[in-house]
Amino acid sequence: MATKLAILVVEDEAAICSGLCDVLAFHGHAPSGVASGEEGLHSALSGRFALVLLDVMLPGMSGFDVCRALRAQRPEQAILMLTARGAEADVLEGFRCGADDYVTKPFSVAELMARIEALLRRAGALPTPIVDAFEFGGWHVDPVGRTAAGARSRIELTPREVALLALFARERGRIVSRRTLLVEVWGLRHVEAIHTRTVDMHIAKLRKKIAASERGGIETVRGEGYRFVG
């Protein structure tokens, strides 16, 4: 990594905090660790960090309180909550407080680093990798320009719509479950505990955009998910 990115780790268990800092340093970042909510909030507000890794169960201020206060004063701050509290109510509370992502313990180092790098890219701290153009039915999809060109029209796409089309194109002819979509496109964990219609709503909007193509589309497989035929 050309430039070391400053990352703040707010974790009261010394072994976990030290381990996280070691992993981040190994991957080319510049981590700092603190052990309480008050220290975490003070450090985050007095310094400049590309990312804050924030535990929930902290002495003094809880991670939820820190996240809420930090988000109010630093709206642009990237925050990833890292905690053993994985119940649906806790996950939703984390997102309501302003967390960008929520990872529950135990976790694999590979998964954690993948989520950290994805969050840093979304925050603009890491470059977004170039993705090759691909075909979807009658559309030529340009992921960089976020457009799809057909025989008679051109449509604009959101980043999530590009990700959906790319996944369906890769899995052509195979059923893709809602769980797979939530994990791979939305980056959510423990989706079995999360009931949401967001996938269905995004698919419905995407279908309207690509309806001009006569060379296949996204079909619903009742009770199982969706499949790209074409």
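So, here's what we can say about the structure.

Rules used throughout
- Residues numbered from 1 in each chain as written.
- Predicted model: local features only at pLDDT ≥ 70, side-chain atom pairs only at ≥ 80, totals over all residues.
- Heavy atoms only, no water.
- Helix = DSSP H or I, 4+ residues; strand = E, 2+ residues; numbered from the N terminus.
- Expected span 1.5 Å × (residues − 1).
- Buried < 20%, exposed > 50% of the residue type's maximum accessible area, 1.4 Å probe, protein only.
- Contact = heavy atoms within 4.5 Å.
- Polar contact = N/O pair within 3.5 Å; in protein donor to acceptor, adjacent residues only side chain to side chain.
- Pairing = 2+ DSSP bridges.
- Axes fitted to C-alpha atoms, helices over the stretch in contact; angles between N-to-C directions.

Looking at helix H8 (residues 198-209)
Here's step 1: The end-to-end C-alpha distance of H8, which contains 12 residues, comes to 17 Å, matching closely the 16 Å that a straight helix rising 1.5 Å per residue would cover.
Here's step 2: Within the sequence span of H8, burial applies to Thr198, Val199, Asp200, Ile203 and Leu206.
Here's step 3: Here the buried face of H8 lies against helix H6 (159-170), helix H7 (178-184), strand E11 (217-221) and strand E12 (225-229).

Section: the environment of Gly223
Here's step 1: Of note, Gly223 is situated in the loop between E11 and E12.
Here's step 2: Taking the C-alpha atoms as reference points, Gly223 and Arg178, 45 residues apart in sequence, are found 9.6 Å from one another.

Re the side chain of Glu161
Here's step 1: Note that Glu161 resides in helix H6.
Here's step 2: Separated by 2.8 Å, the side chains of Glu161 and Lys209 make a polar contact.
Here's step 3: Leaving out residues up to four positions away in the same chain, Glu161 has contacts with Glu156, Leu206 and Lys209.

Some details on the sheet that holds strand E9 (residues 154-156)
Here's step 1: Pairing in this open sheet of 4 strands is antiparallel, and the strands run E6-E7-E8-E9 from one edge to the other. Since the sheet does not close on itself, it has two edges, and those belong to strand E6 (134-136) and E9, each with one partner. The average angle at which neighbouring strand axes cross in this sheet is 25 degrees, direction not considered.
Here's step 2: Note that E6 and strand E7 (residues 139-142) share 3 bridges and pair antiparallel. Bridge assignment links Phe136 to a residue of E7, and that residue is Trp139.
Here's step 3: In this fold H6 packs onto E6, E7 and E9, with an angle of close to 85 degrees to the strand it touches most, E6.

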